[in-house]
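# Structural description and commentary
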Amino acid sequence: MTKRAVLAVDDDETVRSYLSHSLSSRGFVVEAVASGEQAIARLSAGYNPAVVILDLIMEGMSGRETLSRIKSLNPSVPVIVVSGIDELRSAVEVMKMGASDYLVKPFEDQELDLALENVLEKQELKEEVKNLRRQLHQYVESDFVTANAGMLRIKETARQLADADVPVLLLGESGVGKEVVGRFIHAQSKRRDKPFIKVNCAALPHDLLESELFGYERGAFTGALNEKPGKFELADKGFILLDEIGEMSSVLQAKLLHVLQDGEYSRLGSKRSVRVDARVLASTNRKLAEAVAKGEFREDLYYRLNVITLDVPPLRERKEDIPFLCNYFMQKYLVRYNSSVQELPAELMDVFLRHHWPGNIRELENAIKRYLILPDLEMALAEFRRTAGPTGAAPVRGPVSLKSIGAQAAEHAERELVLRTLDETNWNRKAAARRLGVCYKALLNKLKRWQIDGHPRNPPLLAKTA
């Protein structure tokens, strides 16, 4: 959208001339057309003005029909309707159809200025809200807090490879958070403002998955009434996550290999090549190396995807993350379910820490949801004791509240920040203290409390290459 572009639609040449001159003098870029048909043709060709000024009474296509067509093409574009009819019923009707304002001819320059100012301010506010929601979604879904050493190494490796233009293969059981790792890579990359498109390769049959990935032309098959871009096109300049790629058919595997090699493909029913620049992430809970050995997955595609591999461990191998995840899910769902729960009972956290979690983080998330909706401790304990896995976790002492878990999370985040700063300053403690804005003695006290007297980090997870 061009922020200062206005499309004026009026069959009266005098009005078009007035709007062009008046708005141009105020810094707008005005395009004036004499009919609804011309307006629809311009918008259909890709013209995207900041606002449309539309006459209600016109020969040919009426203002009401034009308004309806405009809203079908671009529901978000604001439309100011102008008319020589000072009638409340007409104003109410067009406002219900999606018009942003209604002006009666003849109108003063100040009236037009005020109407434009109002609709453009509302449009800017909508864009700001949309951007904030997208940023919040990226933060919530792509950043993850963990206390597990293996997950910390995965997180650091993901940060390092974020801008490496190579495929990444994410392995791990269902529900361990492979998509979260993928979104973290996206959020850390220079493509963070571009799309992140996820496609579940196991959810659709072969024919539908092919059209979903690569799109189709009108008439490509029965029911293809209009052309449709594929997910790869939608992910151009951004990321595409091919979830459960181990379930993809051999025919689609061959086509995907071509895309990875050449960066281009053809829509269904088209001979024209489409070029895309989409960073490919692939995830699976299958052991692909075994699938290759059995002839169930193409070897050449496997090695093309297996440039960098991140193997996400199951929740049972990183139980120190359970309190942090409980805190996250409680804060996420407390308001949604209007729950009165403010803390998890110690007995329930004890069971959580002892449970084997075959469904991993997804199972934990559902358990938190159930308890927030039905906070019956005995029922929750009975359910988990029926499916209890290996024991051995230390019992929890005292109530486990959001406040206490939040304090643990804050302590962990502070420790991570200090360690990262020390890494960046080559473990020069005085330089790190200056960068952190704390006194040298305070930094030493923190390191002593955390029992850190040297480089505590394990070497970064080595990227698997082929």
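Criteria and cut-off values
Residues numbered from 1 in each chain as written. Predicted model: local features only at pLDDT ≥ 70, side-chain atom pairs only at ≥ 80, totals over all residues. Heavy atoms only, no water. Salt bridge = Lys/Arg side-chain N within 4 Å of Asp/Glu carboxyl O. Helix = DSSP H or I, 4+ residues; strand = E, 2+ residues; numbered from the N terminus. Buried < 20%, exposed > 50% of the residue type's maximum accessible area, 1.4 Å probe, protein only. Core = buried A, V, L, I, M, F, W, Y, C linked by side-chain atoms within 4.5 Å. Contact = heavy atoms within 4.5 Å. Phe/Tyr/Trp six-rings, centres within 6.5 Å; stacked < 30°, edge-to-face > 60°. Lys NZ or Arg CZ within 6 Å of the ring centre and 35° of its normal. Pairing = 2+ DSSP bridges. Axes fitted to C-alpha atoms, helices over the stretch in contact; angles between N-to-C directions.

### Brief notes about the pattern of salt bridges
Taken as a whole and assessed by the stated rule, the structure comprises 27 salt bridges. Ionic pairing is found between Asp 10 and Lys 105, a salt bridge with its closest N-O pair at 2.9 Å. Here Asp 10 is found in the loop between strand E1 (5-9) and helix H1 (13-24), whereas its partner Lys 105 is found in the loop between strand E5 (101-104) and helix H5 (109-142), with 95 residues between them in sequence. Overall, Asp 10 belongs to the buried group, its relative accessible area being 1%. Looking at Lys 105, the relative accessible area reads 23%, which means it is partly exposed.

### A word on the nonpolar core
Of all hydrophobic cores here, the largest spans 32 residues; its most connected members are Leu 213, Phe 232, Ile 240, Leu 242, Ile 245 and Phe 297. Elements supplying a minimum of two residues to this core: strand E6 (168-171), strand E7 (196-200), helix H8 (206-214), strand E8 (239-243), helix H10 (250-262), strand E11 (279-284), helix H11 (288-293) and helix H12 (299-305). For this core, the leading source of residues is H10, giving five residues. Excluding residues that lie within four positions of it along the chain, Leu 242 makes contacts with Val 199, Cys 201, Leu 213, Leu 256, Val 280, Leu 281, Ala 282 and Ser 283. With 25 residues, the next largest nonpolar core counts Phe 329, Leu 334, Leu 364 and Tyr 371 among its residues.

### Observations concerning the environment of Leu 268
Here Leu 268 is to be found in the loop between strand E9 (264-266) and strand E10 (273-275). Sequence-distant contacts of Leu 268, defined by excluding residues within four places in its chain, comprise Glu 210, Ser 211, Gly 215, Tyr 216, Glu 217, Ala 220, Phe 221 and Lys 255.

### Here we look at the packing of aromatic side chains
If you walk through the whole model with that rule in mind, you get nine aromatic pairs. Aromatic side chains Phe 214 and Tyr 265 sit 5.0 Å apart centroid to centroid with 55° between the ring planes, which places their arrangement in the tilted category. Of the two residues, Phe 214 sits in helix H8 while Tyr 265 sits in strand E9, which places them 51 residues apart along the sequence. Classification of Tyr 265 by relative accessible area gives buried; the value is 3%. An aromatic cluster is present here, built from Tyr 328, Phe 329, Tyr 333 and Tyr 337 joined pairwise through their rings. Over the ring of Phe 28 we find Arg 4; its NZ or CZ atom is 3.9 Å from the centre of that ring. Above the face of the Tyr 440 ring, Lys 430 is positioned so that its terminal group lies 5.7 Å from the ring centre.

### Focus on the sheet that holds strand E12 (residues 308-311)
Read across the sheet, five strands follow the order E7-E8-E11-E6-E12 without closing on themselves; strand pairing throughout is parallel. Only two strands of the sheet have a single partner each, and these edge strands are E7 and E12. Along the sheet, successive strands turn relative to each other by an average axial angle of 20°, direction set aside. Both E8 and E11 contribute to a ladder of four bridges, which runs parallel.

### With respect to the sheet that holds strand E2 (residues 29-33)
Reading across the sheet, the five strands line up as E2-E1-E3-E4-E5 and stay open at both edges, with parallel pairing between neighbours. The sheet is open, and its two borders are formed by E2 and E5, each paired with just one other strand. Going from strand to strand, the sheet's axes swing by 20° on average, the running direction of each strand aside. Here H1 sits on the sheet and contacts E1, E2 and strand E3 (51-55); the angle it forms with E2, its principal contact strand, is near 175°.

### Structural notes on the environment of Tyr 440
Within the element layout of this structure, Tyr 440 appears in helix H19 (residues 440-449). Taking C-alpha positions, Tyr 440 is 7.3 Å from Arg 429, a pair spaced eleven residues apart along the chain. Non-local contacts of Tyr 440, meaning those with residues more than four positions away in its chain, are made with Arg 429, Lys 430 and Ala 433.

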